Amino acid sequence: MSDPEFDLVILGSGPAGYVGAIRASQLGLRTCVIEKGKLGGVCLNIGCIPSKALIHQAEVFTTVPELEALGLSVDRSGFDYRKAFERSRSVADTMSKGVQFLMKKNGVTVIPGTGKLACPSEIELEDGRRVKGGSILLATGSRPKSVPGFEVDGRAVLSSDEALMLTELPGRVLILGGGAIGCEFAHIMSSFGVKVILVEMLDHLLPMEDAETTAVLERSFKKRGIEVHVRTRALSLAKGPSGATVVLEGPEGSRREETVDKVLVVVGRQPNTDGIGLDSVGIVPVKGFIPVGDWYETGAKGVYAAGDVVASPLLAHVASKEAEIAVEHIAGRDVPKRADPDTLPGAVYTEPQIASFGLSEERAKKEGIEYAKAVFPYRAVGKAVALGRSEGQVKILVSPKTREILGASIVGAEATELIHELLLAKAAELLPEDIAALVHAHPTLSEAVMEAARAAEGWAIHV
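Residues numbered from 1 in each chain as written. Predicted model: local features only at pLDDT ≥ 70, side-chain atom pairs only at ≥ 80, totals over all residues. Heavy atoms only, no water.

A short note on the nonpolar core
Ile34, Met103, Leu137, Leu138 and Ile290 are the most contacted members of the largest nonpolar core, which has 53 residues in total. Once residues lying within four places of it in the same chain are set aside, the contact partners of Ile34 are Val9, Ile10, Leu11, Gly12, Ile111, Gly113, Gly115, Ile123, Leu125 and Val131. Among the nonpolar cores identified, the runner-up in size contains 35 residues, and Ala163, Phe185, Ile226 and Val228 belong to it. (Core = buried A, V, L, I, M, F, W, Y, C linked by side-chain atoms within 4.5 Å. Buried < 20%, exposed > 50% of the residue type's maximum accessible area, 1.4 Å probe, protein only. Contact = heavy atoms within 4.5 Å.)

Below you can see the structure in the form of structure tokens.
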């Protein structure tokens, strides 16, 4: 048998694929990436990056009243959403080109095209060519999940893909799904003046997050005029000449109709595991996901999988970490067998932002885990008040016996940045008393983290 052309062949160039490729190259592996679209995958092209660009534009737009409060006159009649859209595409293109540069800089071979497993050591391209690797990493990502009866048509019914490509905003939109994507689109569209109706089947928005934390976001959304319907199901959809009518069923069985210009279906994502040759190597997906063992290796020796194709949180940074672990193991390094699920942060870029990691109060109760909690409000933080962004809180769960940090959640300004102090403390096995004793600059939002840690120790100063 001839030697493989590459030490590692990666199928897909999203946050798992391109990060895995760069790390593999750094470790001396001859690496190839096969990608059918633009480098960077969903995240850089039609996901994380362009959506955050739109969020920034939306938040700039909402500062107009603050400028007017200073006596300035702002003429909003010339507002053109297409400009915000074009800015988001420019950012996405820049990031994708950046990945292209990194591939070249690190000596990673990029092969455009669609591929599938032919055997545990070969990827077959659509033109019949085969690319041979000592190891294979499957990183084909995910796509929006469809809902029977609410199929995406790109006109009346949209997925997140189509919503990001809108050049004009609808007057009214109904969003099915109150997870991170649904809440972020609700934030964007409402900020630009769209009437938003947000529907979630479960008990509260962001069902995977702490309920006390998400309640702050829900109150904020309602203040902004976003209609929030939890414990509510969408029963049917009827398309009209310029929109759609959706029948909703509330928690008590009551029904109502909502007629809107667009329906945005964001009820989750499904892994891209069909058509990539899993059957050729004996891999049987479970609910669409690729089963993996230690170091993200599949049941086919030498074949690894990372990112959205694996049954772990479908987050870009999780995908990158999984790929790093896989390729470091391939390179013979001593690395953890898995990413620690209790140190994987979640981040939602609404206003206010939400960020968390580890144990939630609901999970602790469900699993019978003893905990104590400390909550510190943003309204007691001088910087938050000075910024006019005093809505929010920091919440820490600790073990009553060991004082170990079990989890944390933050809702408020810059929560997605602040969470990492607590996360680092958790990973470093520090205790709340260590954070409480650390001098934090004043005035900063991070003082809320310090005060929450002090509250956990029973001596918060500013409440």
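Structural notes on the packing of helix α1 (residues 15-26) against helix α5 (residues 81-105)
Where α1 contacts α5, the two axes come as close as 10 Å, and the packing angle between them is 25 degrees. Considered as vectors, α1 and α5 are oriented roughly parallel to each other. Of the two possible hands of crossing, α1 and α5 adopt the one that is left-handed. Here Tyr18, Ala21 and Ile22 of α1 come into contact with α5, specifically with Val99, Leu102 and Met103. Within the contact of α1 with α5, the residues separate by chemical class into six nonpolar, no polar and no charged. (Axes fitted to C-alpha atoms, helices over the stretch in contact; angles between N-to-C directions. Helix = DSSP H or I, 4+ residues; strand = E, 2+ residues; numbered from the N terminus. Parallel < 35°, antiparallel > 145°, perpendicular 65-115°, else oblique. Left-handed = near helix turned anticlockwise from the far one by under 90°. Nonpolar A, V, L, I, M, F, W, Y, C, P; charged D, E, K, R; others polar.)

As for the side chain of Asn106
Locating Asn106 in the fold gives a position in the loop between α5 and β3 (109-112). Those residues in contact with Asn106 that lie beyond four places of it in its chain are Ile22, Ser25 and Gln26.

Brief notes about the pattern of salt bridges
Applying the stated rule across the entire model yields 31 salt bridges. Across the pair Asp274 and Arg143 runs a salt bridge, and its minimum N-O distance is 3.4 Å. On the criterion of sequence distance, the pair formed by Asp274 in the loop between β16 (269-271) and β17 (303-305) and Arg143 in strand β7 (residues 142-144) is long-range, its members being 131 residues apart. A salt bridge links Glu249 to Arg233; the shortest N-O distance between them is 2.9 Å. Of this pair, Glu249 sits in strand β13 (residues 243-249) while Arg233 is found in strand β12 (residues 233-240), placing the two residues 16 residues apart along the sequence. (Salt bridge = Lys/Arg side-chain N within 4 Å of Asp/Glu carboxyl O.)

Points about the sheet that holds β13
The antiparallel open sheet is built from three strands, whose spatial order is β12-β13-β14. Two strands in the sheet have a free side with no partner beyond their single neighbour: β12 and β14 (255-260). Recorded for the sheet is a direction-independent mean angle of 20 degrees between the axes of neighbouring strands. When β13 meets β14, the two strands line up antiparallel, connected through six bridges. Opposite Val246, over in β14, you have Glu258 as the bridge partner. (Pairing = 2+ DSSP bridges.)

Scope: geometric values only; no functional claims are made or implied.
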